[in-house]
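Below are the chains, spelled out letter by letter.
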Amino acid sequence: MSALLEVSGLEVHYGGIQAVKGIDLRVNQGELVTLIGANGAGKTSTLKALAGLLRPAAGQIRFAGQSLVGMPVHQLIRNGLALVPEGRGVFPRLTVAENLMMGAYVRRDADGIIADLERMYGLFERLHERREQKAGTLSGGEQQMLAIGRALMGRPRMLLLDEPSMGLAPLMVQKIIGVIRQVANEGMTVLLVEQNARLALQAAERAYVMEGGRISFEDTAQACLNDPRVRAAYLGE
Amino acid sequence: MDIFLQQVINGLVQGSIYALVALGYTMVYGIIELVNFAHGEVVMVGALVSLSVIERLVSRGYTGWPLIVISVLVAIPTCIALGLGIERVAYRPLRRAPRLAPLISAIGVSIALQQIAALIWGRNYLHYPDILPKTQYLIGGAVISQVQVVILLSAAVLMAALWVLVQRTRLGRAMRATAQNPAVAGLMGVDVNRIIATTFVVGSALAAVAGTLIGAYYQVGNHTMGFLLGLKAFTAAVLGGIGSLGGAMAGGLLLGVIENLGAGYMGKLTDGAVGSNYSDVFAFLMLVLVLIFRPSGLLGERGVEKV
Ligand SMILES: Nc1ncnc2c1ncn2[C@@H]1O[C@H](COP(=O)(O)OP(=O)(O)O)[C@@H](O)[C@H]1O
Ligand SMILES: [Mg+2]
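What you are looking at is a predicted structure, and each value in this text was computed from that prediction instead of being measured. (Residues numbered from 1 in each chain as written. Chains lettered and ligands numbered in written order. Predicted model: local features only at pLDDT ≥ 70, side-chain atom pairs only at ≥ 80, totals over all residues. Heavy atoms only, no water.)

### Comments concerning the overall build of chain B
Point 1. Helix and strand counts for chain B stand at 11 helices and 4 strands.
Point 2. Relative to its full complement of 307 residues, chain B shows a buried share of 53%.
Point 3. A separation threshold of at least 6 residues defines the contact pool for chain B, and within that pool the share at least 24 residues apart is 79%.
Point 4. Surface accessibility of chain B: about 13200 Å² in total, with carbon and sulfur atoms responsible for 67%.
Point 5. Across chain B, 19 positive and 12 negative side-chain charges occur, with their mean positions spaced 12 Å apart. (Helix = DSSP H or I, 4+ residues; strand = E, 2+ residues; numbered from the N terminus. Buried < 20%, exposed > 50% of the residue type's maximum accessible area, 1.4 Å probe, protein only. Contact = heavy atoms within 4.5 Å. Areas by Shrake-Rupley, 256 points an atom, 1.4 Å probe, with all protein chains shown as cover. Lys, Arg positive; Asp, Glu negative; His and termini not counted. Charge placed at Lys NZ, Arg CZ, Asp CG, Glu CD.)

### Details of the overall build of chain A
Point 1. When helices and strands are counted, chain A shows 9 helices and 10 strands.
Point 2. Relative to its length of 237 residues, chain A is compact, with a C-alpha radius of gyration of 17 Å against a globular reference of 18 Å.
Point 3. Dimensions along the principal axes, computed over C-alpha positions, put chain A at roughly 45 × 40 × 35 Å.
Point 4. Out of the 237 residues in chain A, the part that is buried amounts to 54%.
Point 5. Here the analysis covers contacts within chain A between residues at least 6 apart in sequence; of these, 68% occur between residues at least 24 apart.
Point 6. Accessible surface for chain A amounts to roughly 9800 Å². Of this, 48% is attributable to carbon and sulfur atoms.
Point 7. Of the side chains in chain A, 26 bear a positive and 24 a negative charge, and the two mean positions are spaced by 4 Å. (Rg over C-alpha atoms; globule rule 2.2 N^0.38 Å.)

### Some thoughts on the coordination of the magnesium ion (ligand 2)
Residue and element names in this part refer to chain A.
Point 1. At this site the magnesium ion (ligand 2) is bound by Thr44 (OG1) and Glu86 (OE), with donor distances of 2.0 to 2.1 Å. Residue Thr44 is located in helix α1 (residues 43-51), and its partner Glu86 is located in the loop between β6 (81-84) and α2 (96-103); the two are separated by 42 residues in the primary sequence.
Point 2. Residue Glu86 is classed as partly exposed on the basis of its relative accessible area, which comes to 37%. (Donors = N, O, S within 2.8 Å, 3.2 Å for Na, K, Ca; no water.)

### Here we look at the domain arrangement of chain A
Residue and element names in this part refer to chain A.
Point 1. When the domains of chain A are assigned, the result is domain 1 (1-80 + 159-237) and domain 2 (87-155).
Point 2. Distance between the C-alpha centres of domain 1 and domain 2: 23 Å.
Point 3. Buried surface at the junction of domain 1 and domain 2, both sides included, amounts to about 1300 Å², of which 75% is carbon and sulfur.
Point 4. Where domain 1 touches domain 2, the interface holds 0 salt bridges.
Point 5. Summed over the shared surface of domain 1 and domain 2, the result is 1 residue pair in polar contact (both at pLDDT 80 or more).
Point 6. Elements that contribute at least two residues to the side of domain 1 that touches domain 2 include exactly β7 (158-162) and α6 (170-185).
Point 7. Take the side of domain 1 that touches domain 2: its biggest share by element is 7 residues, from α6.
Point 8. Of the residues that constitute the side of domain 1 that touches domain 2, the class distribution is 12 nonpolar, 1 polar and 4 charged. (Domains from an automatic or database assignment. Buried area = accessible area lost by both parts, 1.4 Å probe. Salt bridge = Lys/Arg side-chain N within 4 Å of Asp/Glu carboxyl O. Polar contact = N/O pair within 3.5 Å; in protein donor to acceptor, adjacent residues only side chain to side chain. Nonpolar A, V, L, I, M, F, W, Y, C, P; charged D, E, K, R; others polar.)

### Describing the sheet that holds strand β5 (residues 66-67) of chain A
Residue and element names in this part refer to chain A.
Point 1. Ordered by their spatial adjacency, 4 strands build an open sheet running β2-β1-β4-β5, and the pairing between neighbours is antiparallel. Each edge of the sheet is formed by a strand with only one pairing partner; in this case those strands are β2 (17-28) and β5.
Point 2. Two strands pair when backbone bridges link them, and strand β4 (residues 58-63) and β5 are joined in this way by 2 bridges, in the antiparallel orientation. From the neighbouring strand, Phe63 faces β5, where its bridge partner is Gln66. (Pairing = 2+ DSSP bridges.)

### Let's talk about a nonpolar patch on the surface
Point 1. A cluster of nonpolar residues, Tyr278(B), Val281(B), Leu285(B), Val288(B), Leu289(B), Ile292(B) and Phe293(B), forms a patch on the protein surface that exposes about 710 Å² of accessible area.
Point 2. Overall, the relative accessible area of 48% leaves Leu285(B) in the partly exposed class. (Patch = residues over 30% accessible without salt bridge, like charges linked within 9 Å, V, L, I, M, F, W, Y side chains within 5 Å.)

### A look at the sheet that holds strand β3 (residues 32-37) of chain A
All names here are of chain A.
Point 1. Strand order in the open sheet formed by 6 strands is β6-β7-β8-β3-β9-β10, with mixed pairing between adjacent strands. Looking along the sheet, the strands with just one partner apiece sit at the ends: β6 and β10 (214-220). On average, adjacent strands in this sheet sit at an angle of 15° to one another, irrespective of strand direction. (Axes fitted to C-alpha atoms, helices over the stretch in contact; angles between N-to-C directions.)

### Side note on the interface of chain A and chain B
Point 1. Facing 23 residues of chain A, the contacting portion of chain B comprises 22 residues.
Point 2. Summed over both sides, the interface of chain A with chain B buries roughly 2100 Å², with 61% coming from carbon and sulfur.
Point 3. Looking at the side of chain A facing chain B, the largest losses of area belong to Phe91(A), Arg93(A) and Tyr105(A), adding up to 35% of the total buried there.
Point 4. Along the contact surface separating chain A from chain B lie 1 salt bridge.
Point 5. Applying the counting rule to chain A against chain B returns 4 residue pairs in polar contact (both at pLDDT 80 or more).
Point 6. The element that contributes the greatest number of residues to the side of chain A that touches chain B is α2(A), accounting for 4 residues.

### Side note on the packing of helix α1 (residues 3-32) of chain B against helix α6 (residues 170-180) of chain B
Residue and element names in this part refer to chain B.
Point 1. For the pair α1 and α6, interaxial distance at closest approach is 6 Å and the crossing angle is 55°. Classified by the interaxial angle, the pair formed by α1 and α6 is oblique. Contacts between α1 and α6 involve Met27, Gly30 and Ile31 from the first element and Met175, Thr178 and Ala179 from the second.
Point 2. Among the residues making up the contact of α1 with α6, the classes are represented as 4 nonpolar, 2 polar and no charged. (Parallel < 35°, antiparallel > 145°, perpendicular 65-115°, else oblique.)

### What about the site of ligand 1?
Residues and elements named next belong to chain A.
Point 1. Ligand 1 sits among Tyr14, Ile17, Ala19, Ala38, Asn39, Gly40, Ala41, Gly42, Lys43, Thr44 and Ser45.
Point 2. A distance of 3.2 Å separates an oxygen atom of ligand 1 from a polar backbone atom of Ala41.
Point 3. Side-chain polar atom of Ser45 to an oxygen atom of ligand 1: 2.5 Å apart, as the coordinates give it.
Point 4. Here ligand 1, which alone exposes 560 Å², has 61% of that area covered by the protein.
Point 5. Mapped by element, the contributors of at least two residues to the shell around ligand 1 are β2 and α1.
Point 6. Its residues placed into classes, the shell around ligand 1 shows 5 nonpolar, 5 polar and 1 charged. (Near = heavy atom within 4 Å.)

Structure follows, in structure tokens:
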């Protein structure tokens with residue numbers, strides 16, 4: 001299998017604080033991989049470094065054979081990577097439709113954009129109903145759908161998701177995970193960052209466990225679900 | 001003569017100029033939360049550049065509105081270059097600095113521009129040659145001059161065009177998105193630096209037009225003219241709700257009308273003790289009142305359209 005995303009020796013520092021202390025991580029083409037870990041483990045910092053929102057203190061990030069280190073943020077989607085940020089980051093005073101159009105900002109194929117817009121409305125009925133509403137008026141779950149739909153509008157090769165289940169009711173979490181699974185089944189490569197380990201491990205094929213800025217464990221998702229250490233630390237058993 | 005109607009007309013004319021300038025403040029504030037205190041000086045440069053163009057062409061026998069058109073076509077690129085320069089030199093390097101830093105930088109730029117203008121144009125009041133027709137029109141007991149009509153129309157057209165740009169185009173959508181969340185706009189592929197520069201371009205172009213119109217209307221200018229004007233337009237932006245486009249437009253018009261009505265009736269109300277020369281007081285009284293009772297401005301509620 002060929003690695004689409006390959007991270008090696010990644011370090012992220014905030015002043016004197018070392019949030020990510022040299023991690024290696026790889027996601028193959030078409031895989032759904034999860035990165036789980038407790039609050040403060042360094043998951044968001046890792047994703048921000050991948051996206052170019054933070055400059056890594058050390059390490060390599062290669063995507064589709066190309067180095068991403070030092071690349072300006074606005075080139076990320078042009079390189080085929082979309083990040084759905086922690087907290088969703090919808091534009092509150094743009095309408096749902098305008099938010100989705102922002103996802104397609106780098107595209108110029110008007111027909112394709114319209115077709116994808118319809119596809120998103122098919123995937124997320126709620127968004128269709130609320131397409132003229134300001135995104136700030138949506139519920140948390142609807143905003144998460146919008147954030148995912150918006151990312152897909154850029155036609156990325158890979159999706160990075162930062163805690164999509166955060167703050168959502170269980171039913172909505174199931175719906176969101178279902179959509180992520182569906183997108184992955186259609187061939188999208190996904191890196192899913194989650195605190196909700198059980199959920200993420202059930203959806204993913206492989207998993208990395210992050211602890212205090214380091215990868216402490218990695219295996220197939222199934223093996224993680226059966227591993228006594230993971231069960232004790234992350235599955236509440 | 002209908003004094004009330006007359007003052008309203010005069011107020012709307014003056015207010016539409018405030019509005020054009022206020023839009024520059026509000027757009028920049030909306031996107032980088034910075035009060036661009038040098039914006040008034042950009043208007044001043046626009047006014048004086050167009051005066052220089054007019055003087056040069058008058059001596060060659062040109063006259064009338066075409067002269068104004070030519071002068072504004074020179075003033076616009078000059079002001080755009082100036083606005084871009086200010087952003088690049090005085091603000092961009094300080095984007096991550098504490099908020100006081102760019103504010104001080106803005107005041108520094110403002111003073112520097114005044115002094116440079118004094119070197120170029122001198123320190124005396126400059127008078128515009130009489131080039132425009134003095135035609136006046138009667139409407140219901142009040143008069144409106146041709147210059148006033150042109151000011152109202154050009155301001156209306158520009159504001160409508162700006163509205164379309166911001167609300168209906170891909171660029172405008174990117175500007176609004178950047179104002180709301182620059183980091184996420186970047187993730188969408190928006191080059192945030194370019195969008196910020198674009199808001200300076202738009203604001204400076206409007207400033208150039210405002211400067212030219214002010215020159216045509218009041219027929220006098222000097223290197224300090226941007227100060228009071230900038231303060232008034234900033235007041236208008238705060239009045240409407242800083243960050244809000246509609247607010248800047250409404251705030252500008254409202255401020256102009258209030259000032260002129262105040263000036264018109266002040267003498268009467270106080271039996272001549274306080275005359276129309278106190279009209280500036282109204283502007284700042286409004287500012288103080290708004291800041292006390294409604295700091296988010298008249299239209300500046302949560303959920304308002306920011307740029
Ligand atoms: N902007 C910041 N400044 C300083 N420290 C930060 C900042 N962001 C995160 N941290 C620290 O870095 C560590 C990792 O945080 P984060 O990457 O957000 O973890 P996670 O996403 O796994 O919860 C934490 O100890 C956190 O306090
Ligand atoms: Mg996080």
